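Below are the chains, spelled out letter by letter.
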Amino acid sequence: MAEEERAPLLTSEVAENNLARHRKRPNLFPTEPVRSNAVCADDRIFVNATVTTPSEIEPDVVVAIFVVAFDTRSGNMVEWSMPEDADLDGVEFKAMVSGSHTQLKDFVYFRKDSLYGLACFENMPVDSEIERGARMKSVGILATSYTLLYRHLQFLETQVRHQLETPGKYTQLQAFYEDKTTAALIALQNQSKSTTPTTPSRDLLPELKITHPAGCFTQFAKFFGEQIFILWKYTLLEKRILFFSPPPIGVVCYRVYCACCLANHDMRGLGRRYKPQFYVNVADIETLESEVTYIACTTEKIFETKTSLYDVYVDNQIVRTHSPVLKDLLKCSSADREKFQKLNNLRSAHQFSYEELGEESIDEEEVFVSFFHEQNNRLFQTLLDVANSQDTQLTSDHMKSMGLDPQGDRQFLMELVEHYGIDVVLMVDNPCCPK
């Protein structure tokens, strides 16, 4: 894999510059049917085009902060945490993933029970026989949501370097935790003072982005190419998808996020609760066994042999499945290639328009997310309209209007309508099907 594919997607300086440009831009897309921001409602992911300030509605609740170190005798261990009684069981293997010793730096998103975490890892050479020439640590946090974790990436990167150079100095970490705890308490108190509980406006719902702005979709599409639409089909079918890659794992966590976004739509009555797992290891096997649908990533090759835990296994750019039915969906259809070309053309068109306005670049996540959001809305709306009509026959014209190939996507559509219980009659058995 090319080095640029593995590097963290945005430095904080780049993120701030992109954010400043974003604030000056007009909206790329109309507010309907695309909502004004991203929201995780009932654990099901809905992502939308434009950005608002999440702190307006969602307190930044940091539950714990910790330092994980590698000990040559004991292995991974939590050397410090706040609060001291925080339940951090297993975090030492999440914050410092399997294979981290091969990297100088990395970061990882993960899930711990109902909480989400972000940790930054660094490996520093040292002249020490006891440490076998290398000092490895991770500094991480646990929060009630992953929507705001990106804000702390630079702080964690700075602090892990500080812990490597001056071990045992936790004053700054303690101050950070106390500050976040106080701020969260104030925010919750302010919320409780509101007169009547109301449903927040669409324009004020919290955003979902894990980078700000997220630049991961461009690399995601370039990395998978037309195969992005194979992943799109599996996500719409709500399959269990596991991404494998050796470290660094940070960019693979972004792939989990991007894959989650492929299935976003506004049809609230369709689908189960979606729970992105981000990084998982062997300690999560029992959890994964109980999940009906998930998207996760791992650095542990042993998962490849545990086929009962996943439906789709993505080994870097190789997408495969052990399910005979799902194997029929591994080939890109002509409509998939057309959609991929449209996606690239859309990106190029918006890139050109902003260059004409003197802008350096666009927030490409807006283009990608809105493309799939509108594609999925059109697909499901057409299916529901046909199901609610007197003639429930779904013809090749319907499939084309949904962006599907009447022949190449027939199996996918059959699986889709069965999965969601949509009552239509598929009339595309052969090229001479009724119109």
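Residues numbered from 1 in each chain as written. Predicted model: local features only at pLDDT ≥ 70, side-chain atom pairs only at ≥ 80, totals over all residues. Heavy atoms only, no water.

Visitor: How should the environment of T144 be read in this particular structure?
Guide: Along the chain, the position of T144 falls in the loop between β7 (134–143) and α4 (153–165). For T144, a relative accessible area of 41% gives the class partly exposed. For the pair T144 and L115, spaced 29 residues apart in sequence, the C-alpha separation works out to 5.0 Å. Among residues more than four places away in sequence, those in contact with T144 are V61, V63, S114, L115 and Y116. (Helix = DSSP H or I, 4+ residues; strand = E, 2+ residues; numbered from the N terminus. Buried < 20%, exposed > 50% of the residue type's maximum accessible area, 1.4 Å probe, protein only. Contact = heavy atoms within 4.5 Å.)

Visitor: Would you explain the pairing of strand β6 (residues 115–125) in this entry?
Guide: Two faces, one strand: in a regular strand the side chains alternate between the faces of the sheet. Taken across its 11 residues, β6 has 10 buried, putting it largely inside the fold. The sheet contact formed by strand β5 (residues 105–112) and β6 spans eight bridges and is antiparallel. Looking at the pairing, D106 lines up with F121 of β6. Taking the residues that link successive antiparallel strands as the turn, the β5-β6 hairpin has two residues, and the phi of D113 there is positive, at about 55°. One ladder, built from 10 bridges, connects β6 with β7; its direction is antiparallel. (Pairing = 2+ DSSP bridges.)

Visitor: Would you mind showing me how to read the side chain of Q159 here?
Guide: Tracing the sequence through the fold places Q159 in helix α4. Beyond its immediate stretch of four places on either side in the chain, Q159 contacts V139, Q172 and L173.

Visitor: Just to check I follow, could you spell out the pairing of strand β3 (residues 62–71) for this structure?
Guide: Across the 10 residues that make up β3, a large majority, seven, are buried. As judged from the seven bridges shared by β3 and β7, these two strands associate in the antiparallel manner. Across the sheet, A69 pairs through a bridge with K137, a residue of β7. As paired elements, β3 and strand β4 (residues 75–82) share seven bridges and run antiparallel to each other. The partner of V68 across the bridge, within β4, is V78. The loop that links β3 with its antiparallel partner β4 comprises three residues.

As far as function goes, none of this settles anything; it's purely spatial.
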